[in-house]
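Here is what each chain is made of, one letter per residue.
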Amino acid sequence: MDYKRYIAQRLKVEGVSEDELADLVAVPPNTEMGDYALPCFKFAKILRKSPAAIAEELAASYPIDGVVCGASAVNGYLNFKIDRKSFADETLSKIIREGDRYGASCAGGGKVVCIDYSSVNIAKPFHVGHLSTTVLGAALYRIFQFLGYKAVGINHLGDYGTQFGKLISAFKRWGNREEVEKGGIHAINALYVRFTAEADEEMEREAREYFRLIENGDEEANGLFEWFKKITLAYVQTIYEKLHVTFDSYLGERFYTDKMQPVVDELREKGLLKESQGAQIVDLEPYGMSPCLILRSDGASLYATRDLAAAIYRKNTYDFEKCLYVVAYQQNLHFKQVFQVLELMGKPWAKDLVHVAYGMVSLEDGAMSTRKGNVVFLEDVISKCVEKAYRIIAEKNPLLENKREVAEKVGVGAVIFGALYNNKIKDIVFSYDKALNFEGETSVYVQYTCARAASVLSKAAAAGYQPAVNGCAPCAQEFELLKALAEFPQTVAAAAENYEPSFVARFCVDVAQKFNKFYLDCKILQADDETRAYRLAITQAALTALKNALTLLGIGVPDKM
Ligand code: ARG
């Protein structure tokens, strides 16, 4: 049951809807006063009364029943006490009944949400800058699926542009097949870097010519391009596998080569295209933005042109309810421009396009800067984290079997969690030590808590003890834990609504902390029969919720640690 909703349904505040009330009801940080609280400050203006007076009046008229057993006013807050036993029974039974579907819903009704994430650039290595888009997008993908939407994961490959002409030119000059086969993406990138460093006018001209050849379907140029693409995709695939990331489509920018002309025609027909210094633009001055460049003076298309074509293609292909672009905030203007142009074109669905912007990731040991070239590769961050995890685990628990496997889950989890724990727009400084701290607000802390719960459950099973929701009344620690667990369905829904997997990550830490308090304060296996069975049920419920939450984030759960 949704207690916030239950309370909201029984409150009447003039001019405030039930939904608004349900949103306002919250779990107070200090639960001595109440299990839920409604702040009345917002109503003061509408009702022309002090928050304290409003809270008093609402408290006096609130219908107490077997679910909510007390309502009292304190300093402008209306505090509710709920019947702990019925709450606990209900929450526990629900989690145990629903198992790995706990938190899921059918709210999405099969509606399509396209999610454009990771969207790597061909021939470029995957650096830490790509971490957030990849893991945020993948988490949103799983969250929307969990809520009954049909998610479509799109890797909008950066496979278009003069840089591929440069690469071919560099390869023909300095490269050889064997070296590239052996060195993979890094060999390709080295060629590109060398070109940028050494290119003179003649080489630049040659590169433009190679690009033109790719465009015109020249066999050799396309063969080389496809080869570079294959190598890049094979390389990123290894990283996606580690991070548990998948896609439904790899249609990149190049796919839209022949789909841009119709967009240009439509823009012209609708009188939106203007000439400016030889280029074709859409004027966005009335919207306070610089113009959106559609065609360069030499007729070449731009990043925005391809995004316009891609948005239209996606709408036609998937008829999405929403199309998300998980891309760094540096591209804020780009997406504002593209969305505005689509709106001007009269696409009613332009309002369903969302730029899910996120902040930068840098490493504690030296910020990464592409311009200086000291790029940190994501694969290196992952391996280093797994290696460090292995060392910590081997030291803490030398007898553990499958140390490698556990270290992989812990190390990869730490990288993912590091990118997902904070509000997505915040810049992140990744620290290996902080990410792998067993006592911190970390994935390893949550994983360790899961292993702890699993170990209690397997010991109980070995001794023939069964969990049971048997009508025991929860003690304070149990009740706090159950209240946190009960938040999961709303947390997942809010994470989808706000495009914030961090809500799920925070849920994990909150539950883990409350579980550990319960675990340390309350005897489980040594308790009397009734209490033991009840506490085993609580343990099982906590493990279920944590597993579901970590799975949504793409983080594995070791049985033992
Ligand atoms: N490849 C681009 C980059 O690395 C990101 C593409 C994002 N998606 C899009 N539809 N523009 O900056």
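In this report, we go over the structure that sits alongside the text. (Residues numbered from 1 in each chain as written. Predicted model: local features only at pLDDT ≥ 70, side-chain atom pairs only at ≥ 80, totals over all residues. Heavy atoms only, no water.)

For the protein chain, the count of helices and strands is 21 helices and 12 strands. For the protein chain, the spread of C-alpha atoms along the principal axes amounts to about 85 × 65 × 40 Å. For the protein chain, with 561 residues in total, the buried portion stands at 53%. A separation threshold of at least 6 residues defines the contact pool for the protein chain, and within that pool the share at least 24 residues apart is 74%. Here the protein chain displays about 25400 Å² of accessible surface, and carbon together with sulfur accounts for 50% of that area. For the protein chain, the separation between the mean place of its 66 positive charges and that of its 73 negative charges on side chains is 2 Å. (Helix = DSSP H or I, 4+ residues; strand = E, 2+ residues; numbered from the N terminus. Buried < 20%, exposed > 50% of the residue type's maximum accessible area, 1.4 Å probe, protein only. Contact = heavy atoms within 4.5 Å. Areas by Shrake-Rupley, 256 points an atom, 1.4 Å probe, with all protein chains shown as cover. Lys, Arg positive; Asp, Glu negative; His and termini not counted. Charge placed at Lys NZ, Arg CZ, Asp CG, Glu CD.)

The next point concerns helix 19 (residues 488–497). Where helix 19 is concerned, the buried positions are Phe488, Thr491, Val492, Ala495 and Ala496. Axial view of helix 19: buried residues confined to an arc of 135°, hence all on one face. Where helix 19 is buried, its residues touch helix 6 (131–146), helix 18 (476–486), helix 20 (502–521) and helix 21 (529–553). Tyrosine 499 sits one or two positions beyond helix 19 and adopts a positive phi of about 55°. (Arc of directions from axis to C-beta.)

With that out of the way, let us pick up the sheet that holds strand 3 (residues 77–82). Ordered by their spatial adjacency, three strands build an open sheet running 1-3-2, and the pairing between neighbours is antiparallel. The open sheet has two edge strands with one neighbour each: strand 1 (36–39) and strand 2 (68–74). In this sheet, neighbouring strand axes are inclined to one another by 20° on average, regardless of whether the strands run parallel or antiparallel. Pairing between strand 2 and strand 3: six bridges, direction antiparallel. If you follow alanine 71 over to strand 3, its bridge partner there is phenylalanine 80. Its contacts with the sheet put helix 4 (residues 51–61) on strand 1, strand 2 and strand 3, and the angle it makes with strand 2 is roughly 160°. (Pairing = 2+ DSSP bridges. Axes fitted to C-alpha atoms, helices over the stretch in contact; angles between N-to-C directions.)

What follows covers the nonpolar core. Here is a general trend for soluble globular proteins: nonpolar side chains tend to be buried in one another's company. Core analysis: the biggest nonpolar cluster contains 162 residues, and Leu38, Phe80 and Ile115 have the highest contact counts within it. For this core, the leading source of residues is helix 21, giving 13 residues. Among the nonpolar cores identified, the runner-up in size contains 38 residues, and Val112, Tyr256, Leu272 and Ala304 belong to it. (Core = buried A, V, L, I, M, F, W, Y, C linked by side-chain atoms within 4.5 Å.)

Residues in close proximity to the ligand include Asp116, Ser119, Asn121, His156, Tyr303, Asp307, Tyr325, Val327, Gln331 and Phe335, which together make up its full environment. At 3.0 Å, a backbone N or O of serine 119 approaches a nitrogen atom of the ligand. At 2.9 Å, a side-chain N or O of glutamine 331 approaches an oxygen atom of the ligand. For the ligand, whose accessible area on its own is 350 Å², the fraction buried by protein is 85%. When residues of the shell around the ligand are traced back to their parent elements, those giving at least two are helix 12 (303–318) and strand 9 (322–328). Here the residues of the shell around the ligand sort into four nonpolar, four polar and two charged. (Near = heavy atom within 4 Å. Polar contact = N/O pair within 3.5 Å; in protein donor to acceptor, adjacent residues only side chain to side chain. Nonpolar A, V, L, I, M, F, W, Y, C, P; charged D, E, K, R; others polar.)

Right, let's get into the packing of aromatic side chains. Summed over all chains, the structure comprises 30 aromatic pairs. For the pair tyrosine 3 and phenylalanine 87, a centre-to-centre distance of 4.7 Å together with 65° between the ring planes defines the contact as edge-to-face. One end of the pair, tyrosine 3, is in helix 1 (residues 3–9); the other, phenylalanine 87, is in helix 5 (residues 84–98), and 84 residues separate them in sequence. Among the residues examined, tyrosine 3 registers a relative accessible area of 3% and is labelled buried. In this structure an aromatic cluster arises from ring pairing among Tyr117, Phe126, Tyr240, Phe247 and Tyr250. Seen from the ring of phenylalanine 320, lysine 315 lies directly overhead, with NZ or CZ sitting 4.9 Å from the centre. (Phe/Tyr/Trp six-rings, centres within 6.5 Å; stacked < 30°, edge-to-face > 60°. Lys NZ or Arg CZ within 6 Å of the ring centre and 35° of its normal.)

Where burial is concerned, most of strand 4 (residues 112–116) is hidden: five out of the five residues are buried. The side-chain alternation of strand 4 yields two buried faces, one formed by Val112, Cys114 and Asp116 and the other by Val113 and Ile115. Both strand 4 and strand 5 (residues 150–154) contribute to a ladder of five bridges, which runs parallel. Considered in strand 5, the bridge of valine 112 is made with lysine 150. A crossover links strand 4 with its parallel partner strand 5, the connecting element being helix 6, and its sense is right-handed. Pairing between strand 4 and strand 9: four bridges, direction parallel. Along strand 9, the bridge assignment pairs cysteine 114 with cysteine 323. (Right-handed = clockwise from strand over helix to strand, strands pointing away.)

The next subject is the sheet that holds strand 9. Strands sit in the order 5-4-9-10 across an open sheet of four strands; the sheet is parallel. Edge strands, defined here as strands with exactly one partner in the open sheet, are strand 5 and strand 10 (353–358). Adjacent strand axes in the sheet meet at a mean angle of 20°, parallel and antiparallel pairs treated alike. Each of strand 4, strand 5 and strand 9 is contacted by helix 12, which is oriented at about 145° to strand 9, the strand it contacts most. Sheet contacts for helix 13 (residues 332–344): strand 9 and strand 10; angle to strand 10, the most-contacted strand, approximately 175°.

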